[in-house]
Amino acid sequence: MSLIISWNSTNQCNMYCDHCYRDAGARASDELSTMEAKSMLDEIAKAGFKIMIFSGGEPFMRDDIFELVRYARDLGMRPVFGTNGTLITPEKAKKLKEVGTMGVGISLDSIHPEKHDRLRKFTGAWDGAIQGMRNCHETGVPFQIHTTIFDWNQDEALEITDLAVKMGAVAHHFFFLVPTGRAVNIEEESLRAEQYEQILTRIMQKQQQVEIELKPTCAPQFMRIAHQMGMDLRFGRGCLAGTSYCIISPTGDVQPCAYLNIPIGNVRKIPFSQLWKESEVFQKLRSLDYGGGCGKCGYKKMCGGCRARAFFYHDGDYMAEEPWCLYHGRKGI
């Protein structure tokens with residue numbers, strides 16, 4: 001399984017989305033410099049990571065972003081982006097191609113422009129995202145659509161998949177809300193166990209009908225559901241936090257995933273490769289020694305439960321059972 005890492009390259013953003021886990025907006029005063037970022041990338045490559053995600057905030061608001069993408073590419077990693085897409089002009093799309101970008105994930109949370117714009121507190125966000133997709137497609141930069149699932153947009157999720165196919169996307173990834181950052185204010189909009197089961201089943205059924213890749217994130221139960229449906233997915237595991245994935249903040253703080261806000265250490269003080277290898281939190285996550293239903297479940301190696309959701313709903317116990325699962329305690333496979 002390839003190691004994947006995400007770096008919030010800046011806290012600066014041109015939007016102020018309701019669900020932002022980073023509480024992005026203004027640039028942080030002590031963000032990593034270009035040289036510090038390159039040193040971090042050296043360490044990330046040394047630790048064996050292959051997929052390097054540049055996210056934010058909005059990564060295209062960082063002046064040296066193309067220089068850093070090229071640097072990551074020269075280190076042998078696959079640089080990709082997580083972005084709202086509105087700043088991807090035709091010129092930037094060409095630059096993305098030039099520096100070796102391997103893929104761009106563009107957020108789109110509704111087929112209705114007004115709903116998407118309302119969530120992101122930005123008039124024209126939907127139109128800008130669509131244009132960003134077109135610019136990537138016309139330049140030959142692979143792109144995929146990222147959709148955060150709420151109670152208010154779950155019924156249109158697969159219509160967005162149809163739009164993704166129409167636009168020429170290579171994938172559609174679904175992100176399931178975890179209450180952290182500004183998202184704690186809209187926790188009531190997140191789905192619950194029965195809703196999770198239903199929409200994940202619909203997504204896996206849709207996967208059997210379309211050629212592009214469909215992947216839920218922060219809903220690791222999709223691996224169990226796919227297995228029960230007889231599907232053979234390329235993914236090795238549902239929750240990747242601390243096992244084959246982690247994230248780094250704009251100022252260099254390392255944590256297991258975007259939604260599991262447990263500081264591991266800072267790359268300015270301790271080399272990343274050392275943090276990845278020696279962190280007690282990472283070691284504990286890799287033990288798979290879960291509590292409750294997750295610990296007894298036959299699918300724990302394949303699924304793992306959402307560790308961030310366990311953390312939020314079990315008073316900081318990130319090894320507790322996933323609260324929004326209908327399958328707790330069964331033997332499974």
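As shown above, the structure is provided for reference.
Residues numbered from 1 in each chain as written. Predicted model: local features only at pLDDT ≥ 70, side-chain atom pairs only at ≥ 80, totals over all residues. Heavy atoms only, no water.

K.L.:
It is not clear to me how the overall build of the chain should be interpreted in this structure. Could you clarify?
P.N.:
Helix and strand counts for the chain stand at 12 helices and 10 strands. Radius of gyration (C-alpha) of the chain: 19 Å, near the 20 Å computed for a compact globule of 333 residues. Taking the principal axes of its C-alpha atoms as reference, the chain extends roughly 50 × 45 × 35 Å. Burial analysis of the chain (333 residues in total) assigns 59% to the buried set. Taking as baseline every contact in the chain between residues at least 6 positions apart, the subset at least 24 positions apart corresponds to 69%. Carbon and sulfur atoms make up 49% of the accessible area of the chain, which totals about 13800 Å². Side chains of the chain give 39 positive and 40 negative charges; the mean places of these two sets differ by 5 Å. (Helix = DSSP H or I, 4+ residues; strand = E, 2+ residues; numbered from the N terminus. Rg over C-alpha atoms; globule rule 2.2 N^0.38 Å. Buried < 20%, exposed > 50% of the residue type's maximum accessible area, 1.4 Å probe, protein only. Contact = heavy atoms within 4.5 Å. Areas by Shrake-Rupley, 256 points an atom, 1.4 Å probe, with all protein chains shown as cover. Lys, Arg positive; Asp, Glu negative; His and termini not counted. Charge placed at Lys NZ, Arg CZ, Asp CG, Glu CD.)

K.L.:
Just to check I follow, could you spell out the sheet that holds strand β2 (residues 49-55) for this structure?
P.N.:
Two strands in a sheet stick together by hydrogen bonds in their backbones, pointing the same way (parallel) or opposite ways (antiparallel). The strand order across the open sheet built from 10 strands is β7-β6-β5-β4-β3-β2-β1-β8-β9-β10, with neighbouring strands paired in mixed fashion. Edge positions in the open sheet fall to β7 (213-217) and β10 (265-266), since each of these has one partner strand only. With 4 bridges connecting them, strand β3 (residues 78-83) and strand β4 (residues 103-107) associate as parallel partners. Within β4, the position partnered with Val 80 by the bridge is Gly 103. Seen against the sheet, helix α1 (residues 34-46) touches β1 (3-8), β2 and β8 (245-248) and runs at an angle of roughly 145 degrees to β2. In the packing of helix α2 (residues 65-74) onto the sheet, the strands contacted are β1, β2 and β3, and the crossing angle to β2 comes to about 170 degrees. (Pairing = 2+ DSSP bridges. Axes fitted to C-alpha atoms, helices over the stretch in contact; angles between N-to-C directions.)

K.L.:
Honestly, the packing of aromatic side chains in this entry has me stumped. Any pointers?
P.N.:
Think of a pair of aromatic rings as described by two things: how far the centres are apart, and how the planes are tilted against each other in angle. Enumeration over the complete set of coordinates arrives at 14 aromatic pairs. Between Phe 49 and Phe 272 the ring centres are 5.5 Å apart and the planes differ by 65 degrees, which places this aromatic pair in the edge-to-face class. In this pair, Phe 49 is assigned in strand β2 and Phe 272 in helix α9 (residues 272-278), connecting sequence segments 223 residues apart. Each of the two residues, Phe 49 as well as Phe 272, counts as buried. Ring centres of Tyr 299 and Tyr 327 lie 5.5 Å apart, and the angle between their planes is 70 degrees; this geometry places the pair in the edge-to-face category. Residue Tyr 299 is located in the loop between α11 (292-296) and α12 (307-313), and its partner Tyr 327 is located in the segment after α12; the two are separated by 28 residues in the primary sequence. Since its relative accessible area comes to 10%, Tyr 327 is described here as buried. Three or more aromatic residues joined by ring pairs make a cluster, and in this case those are Trp 7, Phe 54, Phe 60, Phe 66 and Phe 81. The ring of Phe 235 has Lys 215 sitting right over it, with the charged end atom 5.4 Å from the ring centre. (Phe/Tyr/Trp six-rings, centres within 6.5 Å; stacked < 30°, edge-to-face > 60°. Lys NZ or Arg CZ within 6 Å of the ring centre and 35° of its normal.)

K.L.:
When you look at the packing of α1 against α2 in this model, what are you seeing that I'm missing?
P.N.:
When two helices pack together, their arrangement is given by the angle between the helix axes and the distance between those axes. In the contact formed by α1 and α2, the axes pass within 10 Å of each other and the chain directions differ by 20 degrees. With respect to their mutual orientation, α1 and α2 come out roughly parallel. For the pair α1 and α2, the sense of crossing is right-handed. Along its contact with α1, which presents Thr 34, Ala 37, Lys 38, Leu 41 and Asp 42, the element α2 presents Glu 67, Leu 68, Tyr 71 and Ala 72. Each residue belonging to the contact of α1 with α2 can be placed in one class, and the counts come to 5 nonpolar, 1 polar and 3 charged. (Parallel < 35°, antiparallel > 145°, perpendicular 65-115°, else oblique. Left-handed = near helix turned anticlockwise from the far one by under 90°. Nonpolar A, V, L, I, M, F, W, Y, C, P; charged D, E, K, R; others polar.)

K.L.:
Help me understand the pairing of β1, please; the structure alone is not making it clear to me.
P.N.:
On any regular strand, side chains alternate: one points to one face of the sheet, the next to the other face. For β1, the tally of buried residues reaches 6 of 6 residues, placing the bulk of the element in the interior. Here β1 shows two buried faces, one formed by Leu 3, Ile 5 and Trp 7 and the other by Ile 4, Ser 6 and Asn 8. Judged from the 6 bridges that link them, β1 and β2 form a sheet pairing that is parallel. For Asn 8, the partnering residue across the bridge sits in β2 and is Ser 55. Pairing of β1 with β8, which is carried by 4 bridges, proceeds in the parallel orientation. For Ser 6, the partnering residue across the bridge sits in β8 and is Ile 247.

K.L.:
Just to check I follow, could you spell out helix α4 (residues 113-120) for this structure?
P.N.:
Structural remark: α-helix, 3.6 residues per turn; residues separated by three or four positions point the same way. Burial in α4 covers these residues: His 116, Asp 117, Leu 119 and Arg 120. For α4, the arc enclosing every buried residue in end-on projection is 160 degrees, short of the 170-degree limit, so these residues lie on one face. If you follow the buried residues of α4, they end up packed against β4 and α5 (125-139). Phi turns positive one or two residues past the end of α4, at Lys 121, with a value near 50 degrees. (Arc of directions from axis to C-beta.)

K.L.:
Please explain the side chain of Arg 62 as it appears in this structure.
P.N.:
Note on placement: Arg 62 falls in the loop between β2 and α2. The exposure class of Arg 62 is buried, given its relative accessible area of 8%. In this view, Arg 62 contacts Trp 7, Ser 9, Thr 10, Glu 31, Leu 32, Ser 33, Thr 34, Ala 37 and Leu 68; residues no more than four positions away in its chain are not counted.

K.L.:
Just checking my understanding: could you explain α5 for this structure?
P.N.:
Compared with an ideal rise of 1.5 Å per residue, which puts 15 residues at 21 Å, α5 spans 21 Å between its outermost C-alpha atoms and is within 8% of the ideal. Inspection of α5 places Ala 125, Trp 126, Gly 128, Ala 129, Ile 130, Gly 132, Met 133, Asn 135 and Cys 136 among the buried residues, and these make up the whole buried set. Residues of α5 that are buried sit in contact with α3 (90-98), β4, α4, β5 (143-149) and α6 (157-167). (Expected span 1.5 Å × (residues − 1).)

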